[in-house]
Structures are given as structure tokens and as C-alpha cells.
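Inside the fold
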Amino acid sequence: MITWRKSTHGDEAGGQCVELAALTRAVAIRDSKAPDAGHLALAPDAFADFLARAKQDSLPR
């Protein structure tokens, strides 16, 4: 069973939030408002890069 953890950085109304889960060889990300819509699984290195870029606001738009 996958244990999902909601981000502490979502908005106060409960929207605009993601959930994370640690998988055996990946980090899974899903939309907390649509948990049955699927998830994105990233290798730990790719997730660390994604997180660093998000914190720097340097993700492609």
C-alpha cells in the first residue's frame, strides 16, 4: 500500500496542493484534489532536481 503525504505548502482552503509518496525506487506526486487521476513517479535524483528548480522558480512555463 502506498502512503501519501500532503504538502504543507498548499493553500489554506485545501486547494492547490500535491501529495507525495516514497516508493521503492521513486517519489510519486499526485494532485490532492484528484487522487484517482493518477500520479507522476520520478527517480529520486529527478525529484531532487525538480524540487530545487521549483524552489528557485526556474521551471519551464
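Scroll up to find the structure this text is about.
Below you will find a few notes about this structure. (Residues numbered from 1 in each chain as written. Predicted model: local features only at pLDDT ≥ 70, side-chain atom pairs only at ≥ 80, totals over all residues. Heavy atoms only, no water.)

In this section: the sheet that holds strand β2 (residues 18–22). Strands belonging to one sheet form pairs held by backbone hydrogen bonds; the direction of such a pair is parallel or antiparallel. Strand order in the open sheet formed by 4 strands is β1-β2-β3-β4, with antiparallel pairing between adjacent strands. Both outer strands of the open sheet, β1 (5–6) and β4 (40–42), are each paired with one neighbouring strand and no more. Contacts between helix α1 (residues 44–55) and the sheet are confined to β2, β3 (27–31) and β4, with β4 contributing the most and set at about 105° to the helix. (Pairing = 2+ DSSP bridges. Helix = DSSP H or I, 4+ residues; strand = E, 2+ residues; numbered from the N terminus. Contact = heavy atoms within 4.5 Å. Axes fitted to C-alpha atoms, helices over the stretch in contact; angles between N-to-C directions.)

Here the focus is the side chain of Glu19. If you trace the backbone, Glu19 turns up in strand β2. Judged by relative accessible area, which is 11%, Glu19 ranks as buried. A distance of 2.6 Å separates a polar atom in the side chain of Glu19 from a polar atom in the side chain of Arg30. (Buried < 20%, exposed > 50% of the residue type's maximum accessible area, 1.4 Å probe, protein only. Polar contact = N/O pair within 3.5 Å; in protein donor to acceptor, adjacent residues only side chain to side chain.)

Moving on, we get to the packing of aromatic side chains. Counted by the stated rule, this structure contains 1 aromatic pair. With a centroid separation of 6.5 Å and 35° between ring planes, the pair formed by Phe47 and Phe50 is classed as tilted. Here Phe50 and Phe47 lie together in helix α1, a separation of 3 residues that amounts to about one turn. A relative accessible area of 13% means that Phe47 is categorised as buried. Classification of Phe50 by relative accessible area gives partly exposed; the value is 36%. (Phe/Tyr/Trp six-rings, centres within 6.5 Å; stacked < 30°, edge-to-face > 60°.)

Before going further, it helps to spend a moment on the pattern of salt bridges. For the structure shown, the criterion picks out 3 salt bridges. One salt bridge connects Asp31 with Lys33, and the closest N-O pair in it is separated by 3.2 Å. You can call Asp31 partly exposed: its relative accessible area is 33%. Under the relative-accessibility criterion, Lys33 is labelled exposed at 53%. As a salt-bridge pair, Asp49 and Arg53 come within 3.1 Å of each other at their nearest N and O atoms. Here the residue Asp49 and the residue Arg53 both occupy positions in helix α1, the gap between them amounting to 4 residues, near one helical turn. (Salt bridge = Lys/Arg side-chain N within 4 Å of Asp/Glu carboxyl O.)

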